[in-house]
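Each chain, letter by letter, is given below.
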Amino acid sequence: MITHTVTMDSPLGAMRLAAAGDALAGIWFRGHAGTPDLDGAPDGARHPVLVAARRQLREWFDGERRRFDVPLATTGTPFQRRVWAALQEIPFGETWSYTELARRAGRPAAMRAAG
């Protein structure tokens, strides 16, 4: 459940960040398809997770950061969570195939599902 939101400008356009308790629950580009209606959520300008997320994103866009360490609020199946954990292990500047991602998530034959 979303507890706070905040909007920030970025080189890619306005981004809406949402927290669920003490973790980052999502980032969406304003006005893009699939963006949930977050109007009415409490202002998160001073929420610690959203302050950290904005700082880390600014550092990323400025070329000063290569890894994020904001806690994430993930929901999904156990396999989805393993895929998301594996995605976080891809080193900066590298890519992995869906096959590699599925292997790292513990289901080597689930390339399509991992993708």
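Going by the structure above, here's the rest.
Residues numbered from 1 in each chain as written. Predicted model: local features only at pLDDT ≥ 70, side-chain atom pairs only at ≥ 80, totals over all residues. Heavy atoms only, no water.

Asks: What exactly am I supposed to notice about the nonpolar core here?
Replies: Across soluble globular proteins, you tend to see nonpolar side chains buried next to one another. Counting residues in hydrophobic clusters, the biggest one holds twelve residues: Val6, Met8, Met15, Leu17, Ala19, Leu24, Val49, Leu50, Ala52, Ala53, Leu57 and Val70. Elements that contribute at least two residues to this core include exactly strand 1 (4-8), strand 2 (15-20) and helix 1 (48-61). Looking at this core, the element that brings in the most residues is helix 1, giving five residues. Apart from residues no more than four positions distant in its own chain, methionine 8 is found in contact with Gly13, Ala14, Met15, Leu17, Arg54, Leu57 and Arg58. If you look at the next biggest cluster of nonpolar residues, it comprises nine residues, including Val83, Trp96, Leu101 and Ala114. (Core = buried A, V, L, I, M, F, W, Y, C linked by side-chain atoms within 4.5 Å. Buried < 20%, exposed > 50% of the residue type's maximum accessible area, 1.4 Å probe, protein only. Helix = DSSP H or I, 4+ residues; strand = E, 2+ residues; numbered from the N terminus. Contact = heavy atoms within 4.5 Å.)

Asks: What is the right way to read the pairing of strand 3 (residues 23-29) from this model?
Replies: Taken residue by residue, a regular strand's side chains alternate between the two faces of the sheet. As paired elements, strand 2 and strand 3 share six bridges and run antiparallel to each other. In the sheet register, arginine 16 faces strand 3, and the bridge partner there is tryptophan 28. (Pairing = 2+ DSSP bridges.)

Asks: Is there a simple way to explain helix 1 in this structure?
Replies: Residues separated by three or four positions in an α-helix point in the same direction, a consequence of the helix having 3.6 residues per turn. Across its 14 residues, helix 1 extends 20 Å between first and last C-alpha, which sits within 8% of the 20 Å expected from 1.5 Å per residue. Looking at the residues trailing helix 1, positive phi occurs at glycine 63, about 80°. (Expected span 1.5 Å × (residues − 1).)

Asks: What should I look at first to understand the pattern of salt bridges in this one?
Replies: Close approach of charged atoms allows side chains with opposite charge to pair. Using the criterion set out here, one finds six salt bridges in the structure. For glutamate 59, the salt bridge is made with arginine 55, and the minimal N-O distance between the two is 3.5 Å. Note that glutamate 59 and arginine 55 are positioned in helix 1 at a spacing of four residues, about one turn of the helix. The class for arginine 55 is partly exposed, based on a relative accessible area of 37%. Connected through shared salt-bridge partners, Arg55, Glu59 and Arg65 make up one network. (Salt bridge = Lys/Arg side-chain N within 4 Å of Asp/Glu carboxyl O.)

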